[in-house]
Each structure stands twice: as C-alpha cells, then as structure tokens.
Amino acid sequence: MIMYKKRLDGRKFDELRPITAKVGVIKNADGSAYFKIGNTIAYAAVYGPRDLYPKFLQNPEKGILRCNYNMMPFSGSGERVRPGPSRRSKEISYVTEAALSPVVNLEDFPNTVVDVFIELSQTDAGSRCAGICAASMALADAGIQMKDLVAAISVGIVDGQILLDLDYQEEAYDKGDVADVPIAVIPSTGQLSLLQMDGQISKKDLMKALEMGKNAVNQIIEAQRKALKARLEVREK
Amino acid sequence: MTEEVRRHVINYLKHDLRYDGRKNLDYRPISVEVGLIKTAEGSAKVKMGDTEVIAGVKFEVGKPYPDIPEEGTMMVNAELLPMSNPLFESGPPGIQAIELARVVDRGIRESKAIDTKKLCIKPGEQVWTVVVDLIPLNDDGNLFDAAALAAMIAIKNAKFPKLEGEKIDYKHLTDKGLPIISEPISITVLKIGEHFIVDPLGTEESVLDSRLTVATKDDGTICALQKGGSQPLSLEDVEKMIDIATTKSKELRKYLR
C-alpha cells in the first residue's frame, strides 16, 4: 500500500532537488568544488599529490587517496554539531574514499597522498552524496588522472513510495516506514561504488529504487561536467 | 628562503607597494554575504581579497555560571580547516585557532557587544548561550580581521529560535534579534622591518616581526588588544599602530551597516 502520495516539498517522485555546481572555489587548493543540492551544501578541496607522513603510511606502488568528511558546527538542522571527528564522520570519510578510489589513478605518484577535504556548510539530508559529488569534481579540477567522474544520490522509500533524493523531512517521516539508500554511480560502467541502506525495504523495491537512482545520475553528471568545462573556458581566457 | 621573501617584501613596502599592487595601509576589496547558512540562526561570509571566512551563530540553552546567575553566555570557536590552507593539519584546534577564537571573543565580550543580562530565561537555572563558530574557507592572510568582522555581522543577523519549555525549536526562528549594545571592529596592524601595514597577505604574514590587533567601539574606545609576533614593540610603535587601527576601523565599520 502506498500511503505517501504527494511529496512534502511538492517534487515529483523521481525529481532531484535543484543543483548548483561550481569548481575553483577555494584559491589555495589544487582543485576545489562547490555542490549544492536543495539545501545541502558541500565544499571539497583537493591538495596533492603531496608528501605523506608518517612514512609508514606510504605506498611505494601508488599514491593514496585520503578523504575527510566534516560538518561545520552550524550545518546541522538542529543543535550545534560539536567540532572534530565523530564515529559517523569517520565512517562517511571511509566510504567516500571507497566510492572515489575506483576512478582515480595514482600509479604515477608512489609514496604520495591526495587529500580530499569535504566540508558541509549546511545540510538537509544527502550530505555524503553531495560530498562525493563535490569531491569528484574537485579531483578533476586538480588535474588528477581519472577514468570517470562519480555521481552520488540517495534513493529510498517513504511509506510505500519509491523516491529519489530524500530531504530531511522525508528521512524523518514518522507516519510510515522509511528506507534511505545512498548510492554512488560510475556512469561509464553503471557500477555502484557506494551502497548503504538504513530502514526497511523489500528486494523488489530496492532494485526499483536503484534503477531510479541510476537514471537520475545523468543529470548530476551533466551539472558536474558543465561546471568543469566552464572552469576550463575561464582558464583559456 | 624566508629571509629572501622578507627582503623582497620589505623592498616593496619601502615604495608603499604590496605584492597585489596595494598601498601599505590599504585593505583588499571586501565583500559580505549575510544570512547565507540556513541551518544557522545567524550567519555571514566575509571575503577580503582571497581570504574567505564564514561565521555561524547557534543558540543553546544551558545553566548560567554560578557567579552570574542572571546572565547568558557567549562563546567563540574557530576551526582552521585543512581545506583552507595547505599548512593547516587535521586534529584538535592548535594554538593558532585558539588565539584567533580568543582574540575575536575578547573584542566582542569586552565591548559588551551583546547584553548578556537579556539572555536570561530563568535566573539561576536557564539562560541562552550564543555560540559563534568561525570557519575559514580560504586563508590568504588576515583571518583576524575577516573573522572578527564576519562574527559581528553574523551576531547582528542572528534571530532567536522558538523556545518550547526547555527545548529549542530550531525549525522556527522568531523575529527577535540579539540585544546589541555596541559594535566592535578589529584591525590588525603588522610591523615588518620599519614598515606598518594592514590586511596582510599570507606571504606578508609569514615574515612579520610583530602584529597588534586593536578592537575599537563605535566611539573610538579601545576594547581589546593582542600583540603577536616575535619582536617587541616600542611605545611609539604602539601609538602609531593604534592610530592606524583607529583610522582604518572607520572604513571597515561601514560593512556593519
């Protein structure tokens, strides 16, 4: 039974929130990006390849990708977020690394690190996905060799209805079951490099939701590409 | 290397010239964005050249200090994100972040910018705590002045959230702003060799002899000072630096309007 018939913000079930994507937003960084989806805003800055210390972390085969996800203290929709790493932010950093690693080629830079700092200035659900979208653009902006961009989005189910890009009021919907499935897609192969889920969903609904997410990714990739191209045009001038 | 950079910077300053073409006592172009963070009760972003700082205000409800049971509290925190400068490292706030937060805090606190007596909910039991977080997005020098300006604009922009019993309803802000009595402006003057400059670039900061941050109120009263750098200052230096700061504060004050 589908009980959630109309989205609280009036969107269609398979409609993304409005996206703004920019690159080159942080001057000091080797590459940087801004990705806004609805009211969730992620900044990403890339530094590297640069020396990696302590030395025992170095890999003589290739450079390593190190991601760090962090919410600014005022970015939560409720109370102030205490600064510093939490269990949540460490896990998100870790899955973000895994989401981006398959497309990043650091074989030419042994013993180095590429640092990706992801900072959320404002959140309304979907922050890890926004962070991955920003990070992928920032890596490209930094000139890191990549096989493809990565786009991430959350899909899910709210009270029986399969949805794209849940916002906070949908994630917190209390009149029925909610499942939230953040995914990252490598568009050229259609493979997933991030897949998490919390809530309850049937296999059938899950596969439908994933299909919906995969289809939506094109719109995100388009926004990312457009931003990167615009940056190149500025450089050429 | 630093010695060479220093010599180079000083050679420029002799001609009243900076790397970016400014004069010694000029600020870079400043732009301000107010209320940009929807999840904060007050916010501002200040851009000073390539230096960019966000200040966000969050309200909390807590117990008052026992010695001031009828006053609310204010706290300033700064996070020097490794995103904003390749020299910043992850981890708990270092001395740089702590100094930045405390200097901005002092300017606001000692000017009595916020009337903390009006932040009392129930004497001895419940008061408002105002937390100002300072987050640089990009550091190209002079975080002190940019952060202090952003903090004050964010404080002026802040609106109380609704209070339901002991709980804050962050979803609904009232139209009541913070009780503001005075509006401090911080100006940092650097001494490099025999030259005085304001609004240093990152490169200039790296070769400074001494710096003095001067916070002044609208009427020119000095409300906080902080000397930094490895070299001492003579009284004549201090007087000169305060004069420069007082003059410059009038220029920056217009961004508070």
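The structure this text deals with has already been given above.
Residues numbered from 1 in each chain as written. Chains lettered and ligands numbered in written order. Predicted model: local features only at pLDDT ≥ 70, side-chain atom pairs only at ≥ 80, totals over all residues.

Draft legend 1. Highlighting the overall build of chain B. Secondary structure summary: chain B contains five helices and twelve strands in total. By its C-alpha atoms, chain B is 65 × 35 × 30 Å across when sized along the principal axes. Out of the 257 residues in chain B, the part that is buried amounts to 43%. Restricting the contact set of chain B to residue pairs at least 6 apart, pairs at least 24 apart contribute 67%. (Helix = DSSP H or I, 4+ residues; strand = E, 2+ residues; numbered from the N terminus. Buried ≥ 20, exposed ≤ 12 C-beta atoms within 10 Å, placed from the backbone. Contact = placed C-beta atoms within 7 Å.)

Draft legend 2. How the structure looks around the overall build of chain A. A count of helices and strands for chain A gives four helices and ten strands. Taking 237 residues into account, the globule formula puts the C-alpha radius of gyration at 18 Å, and chain A, at 18 Å, falls close to it. Counting only C-alpha atoms, chain A reaches 55 × 40 × 35 Å along its principal axes. In chain A, which comprises 237 residues, the proportion classed as buried is 51%. (Rg over C-alpha atoms; globule rule 2.2 N^0.38 Å.)

Draft legend 3. Inspection of unusual backbone geometry at higher detail. Here the amide bond leading from Gly48(A) into Pro49(A) is cis, since omega sits at 5 degrees, within 30 degrees of zero. Position of Pro49(A) relative to the elements: it lies in strand β3 (residues 40–51). With an omega of -5 degrees, the peptide bond running from Tyr53(A) to Pro54(A) counts as cis. Here the phi dihedral of Asn111(A) falls at roughly 65 degrees; this positive angle occurs in a residue that is not glycine. Inspection of the secondary structure puts Asn111(A) in the loop between α1 (87–100) and β5 (112–122). Not every positive phi belongs to a glycine, and Asn142(B) is a case in point at roughly 60 degrees. Among the secondary structure elements, Asn142(B) is positioned in the loop between β6 (126–138) and α3 (143–157). According to the C-beta neighbour criterion, Asn142(B) is buried, with 25 such atoms within 10 Å.

Draft legend 4. A look at the nonpolar core. Ala44(A), Ala134(A), Leu134(B), Ala147(B), Ala150(B) and Ala151(B) are the most contacted members of the largest nonpolar core, which has 143 residues in total. The biggest single contributor to this core is α3(B), with twelve residues. (Core = buried A, V, L, I, M, F, W, Y, C linked by C-beta atoms within 7 Å.)

Draft legend 5. Fine view of helix α2 (residues 95–110) of chain B. Residues and elements named next belong to chain B. Relative to the 22 Å expected for 16 residues at 1.5 Å per residue, α2 spans 21 Å between its end C-alpha atoms, a close match to the ideal helical length. Where α2 is buried, its residues contact β4 (73–78), β6, α3, β9 (185–192), β11 (210–216) and β12 (222–228). One or two steps after α2, the chain reaches Lys112, where phi turns positive at roughly 55 degrees. (Expected span 1.5 Å × (residues − 1).)

Draft legend 6. Molecular detail of the pairing of strand β8 (residues 167–177) of chain B. Residue and element names in this part refer to chain B. Little of β8 sits out of view: just one of its eleven residues are buried. Where strand β7 (residues 159–164) lies against β8, five bridges are found, and the strand directions are antiparallel. Across the sheet, the residue bridging to Leu163 is Ile168, located in β8. In sequence, β7 turns back onto β8 through a hairpin of two residues, with Gly165 there showing a positive phi of about 65 degrees. (Pairing = 2+ DSSP bridges.)

Draft legend 7. Up close: the interface of chain A and chain B. In this assembly, 23 residues from chain A lie in contact with 28 residues from chain B. Elements that contribute at least two residues to the side of chain A that touches chain B include exactly β3 and β5 of chain A. When residues of the side of chain A that touches chain B are assigned to their parent elements, the largest contribution, four residues, is made by β5(A). Its residues placed into classes, the side of chain A that touches chain B shows nine nonpolar, eleven polar and three charged. (Nonpolar A, V, L, I, M, F, W, Y, C, P; charged D, E, K, R; others polar.)

Draft legend 8. Here's a closer look at the packing of α1(A) against helix α2 (residues 127–141) of chain A. Residue and element names in this part refer to chain A. Taken N-terminus to C-terminus, the directions of α1 and α2 make an angle of 45 degrees; their axes are 10 Å apart at the nearest point. Comparing the axis directions of α1 and α2 gives the class oblique. The chirality of how α1 crosses α2 is right-handed. Facing α1, whose interface residues are Ile92, Thr96, Ala99 and Leu100, α2 presents Arg128, Gly131, Ile132, Ala135, Ser136 and Leu139. Of the residues belonging to the contact of α1 with α2, the class tally is six nonpolar, three polar and one charged. (Axes fitted to C-alpha atoms, helices over the stretch in contact; angles between N-to-C directions. Parallel < 35°, antiparallel > 145°, perpendicular 65-115°, else oblique. Left-handed = near helix turned anticlockwise from the far one by under 90°.)

Draft legend 9. Representation of helix α5 (residues 235–253) of chain B within the structure. Residues and elements named next belong to chain B. Here α5 spans 26 Å end to end across 19 residues, near enough to the 27 Å set by a 1.5 Å rise per residue. Among all positions of α5, only Met241, Ala245, Lys248, Ser249 and Leu252 are buried. Looking at the buried residues of α5, the elements they touch are α3, β9, β10 (195–198) and β11.

Draft legend 10. Representation of the sheet that holds β3(A) in the model. Residues and elements named next belong to chain A. Taken together, the five strands give an open sheet; going across it, the order is β1-β2-β3-β5-β4, and neighbouring strands pair in mixed fashion. Only two strands of the sheet have a single partner each, and these edge strands are β1 (19–23) and β4 (64–71). Recorded for the sheet is a direction-independent mean angle of 15 degrees between the axes of neighbouring strands. When β1 meets strand β2 (residues 31–37), the two strands line up antiparallel, connected through five bridges. The partner of Lys22 across the bridge, within β2, is Tyr34. Each of β4 and β5 touches α1; the most contacted strand, β4, lies at about 140 degrees to it. Seen against the sheet, α2 touches β1, β2, β3, β4 and β5 and runs at an angle of roughly 150 degrees to β2.

Draft legend 11. Up close: the sheet that holds β12(B). Residue and element names in this part refer to chain B. Strand order in the open sheet formed by four strands is β10-β9-β11-β12, with antiparallel pairing between adjacent strands. With one partner strand each, in any of the chains shown, β10 and β12 form the two edges of the open sheet. If you compare each strand with its neighbour and ignore which way they point, the axes differ by 20 degrees on average. Sheet analysis places β11 next to β12, joined by six bridges and oriented antiparallel. Across the sheet, Ala215 pairs through a bridge with Ala224, a residue of β12. Along the sheet face, α2 touches β9, β11 and β12 and points at about 165 degrees away from the line of β12. Sheet strands touched by α3: β9 and β11. Its angle to β9, the strand with the most contacts, is close to 175 degrees.

Draft legend 12. Representation of the packing of α2(B) against α3(B). Residues and elements named next belong to chain B. Running from N to C, α2 and α3 cross one another at 50 degrees; their axes reach a closest spacing of 10 Å. When the interaxial angle is binned, α2 and α3 end up oblique. When the axes of α2 and α3 are compared, the crossing they make is right-handed. Contact residues: Leu100, Val103, Val104, Gly107 and Ile108 in α2; Leu143, Phe144, Ala147, Ala148, Ala151 and Met152 in α3.

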